[in-house]
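So the chains spell out like this:
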Amino acid sequence: MNITTPAVAQGNASVSLPPTMCATSLPKKGVLSNPPVLIADQKHIGVTNLPVPLNPLSLTWTLLDSPGLSLRNSLNKCWFHSTLHLLTNIPSLRGSCSSKNVGHFEKSFLAALSAIFSTRQANVVNSFFHLVKDFSGVNNRYGQVAVPDFIEYLCSKSPILSSVTKFTFLSKLTCSNCKWISERKCNDYSLKLHLDGKAHVSLIDLVNLNSNAVLSGVDAVFCGHCKVKTSQKQARDYDNPDLLMLEIVRVTKLKNNWIKNSAPLSFDSQNLQLPGFLRPYRVVGSCHHRGSLEGGHWITKILTKRGWFEMDDLQRKCRKISSPGVNDESVSILLLIAEDKFRI
Ligand SMILES: [Zn+2]
């Protein structure tokens, strides 16, 4: 059995893949109706190569004592508020909010987070909005700016944020004829999980479905060893990060229109053992898109020392809720912390 490096794989030995895609971006024939459009390569998030001094507080993984400042909706900026509320629940990011020597954008971004969880100054949050208000979303796929798109935009502008959300995985293709294995290292800010169909699905099954595939028929891949296109088994090895963000991709493009999938998703909020990950995880936050693509609304749920709260900028105050994960038809982002890091 041979194992090639990515460099070899693109040379004379193994599969031919587009240079800007990793192997996992190939469609999974007959299994996923929505082809996975993963995943950014290292060029896409090259900003994370910048050295980022870690604040000592980043080693502390405690929850917020209580929800932060309740933000009020105006100018349809629920996507902005929902994103910031979620990010305040990343302990290592809160620990970095006092960082010096950061650029103007990042300084304003971190000040907005502090204004929510610490200083409670709505005007500071509004000041940061003026820096991002022209962000129109990648493709308006949710009928408005999407929280996952805005998070990726912030990662591209903030080395500190991208350093805490970045994770890596190995994508492996195995030729069904000669068992030749080619590997490619991929990284991204979140693990994209495409929903298949309208039926209820568990998060574990969804990760499995998106991590493993058989590429055959028109999706067969050229094997450098067999010198022909062959059926290939695709799998991933994840790097078990301390913090993991999952994106549940609920929209698909059909011709020129986007359609939304409200299939119910269930998951454990504690000791969540995802396939391909060695460590169990705790769910500490989630973002949800409610409504249709014509009239939708983003809200956030966060876990604090006082339990779970829902942050909805159409409501005057946040409200206490039970943990998410039961037949959830709106969840689009999940924020996870490894159980062994997690401290109440
Ligand atoms: Zn082969």
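Computed from a prediction, not measured in an experiment: that's the story for all the values here.

Take the pairing of strand β2 (residues 167–175) next. In this sheet, strand β3 (residues 181–188) lies alongside β2 in antiparallel orientation, the contact comprising eight bridges. The residue bridging Phe167 from the neighbouring strand is Asp188, located in β3. The turn linking β2 back onto β3 is made up of five residues, and Lys179 within it adopts a positive phi angle of 65°. Pairing of β2 with strand β9 (residues 232–238) involves seven bridges; the strand directions are antiparallel. Across the sheet, the residue bridging to Leu170 is Asp237, located in β9.

As a further point, take the packing of helix α4 (residues 104–119) against helix α5 (residues 122–132). Two quantities define a packed helix pair, namely the angle between the axes and the distance from one axis to the other. Two elements in contact, α4 and α5, have axes whose closest approach is 8 Å; the angle formed by their N-to-C orientations is 145°. When the axes of α4 and α5 are compared, the crossing they make is left-handed. Seen from α4, the contacting residues are Phe105, Ser108, Phe109, Ala111, Ala112, Ala115 and Ile116; seen from α5, they are Val124, Val125, Ser127, Phe128 and Leu131. Across the contact of α4 with α5, the residue classes tally to 10 nonpolar, two polar and no charged.

What follows deals with the environment of Ala111. Structurally, the position occupied by Ala111 is in helix α4. With 16 C-beta atoms packed within 10 Å, Ala111 lands in the partly exposed category. Sequence-distant contacts of Ala111, that is, excluding residues within four places in its chain, are made with Val124 and Phe128.

Let's shift gears to the pairing of strand β12 (residues 257–260). Taken together, the four bridges between strand β11 (residues 251–254) and β12 define a ladder with antiparallel strand orientation. Of the residues in β12, the one forming a bridge with Lys253 is Trp258. The antiparallel pairing of β11 with β12 creates a hairpin that spans two residues between the two strands, and Lys255 there sits at a positive phi of about 55°.

Scoring rules and cut-offs
Residues numbered from 1 in each chain as written. Predicted model: local features only at pLDDT ≥ 70, side-chain atom pairs only at ≥ 80, totals over all residues. Pairing = 2+ DSSP bridges. Helix = DSSP H or I, 4+ residues; strand = E, 2+ residues; numbered from the N terminus. Axes fitted to C-alpha atoms, helices over the stretch in contact; angles between N-to-C directions. Left-handed = near helix turned anticlockwise from the far one by under 90°. Contact = placed C-beta atoms within 7 Å. Nonpolar A, V, L, I, M, F, W, Y, C, P; charged D, E, K, R; others polar. Buried ≥ 20, exposed ≤ 12 C-beta atoms within 10 Å, placed from the backbone.

Nothing here speaks to function; it is geometry throughout.
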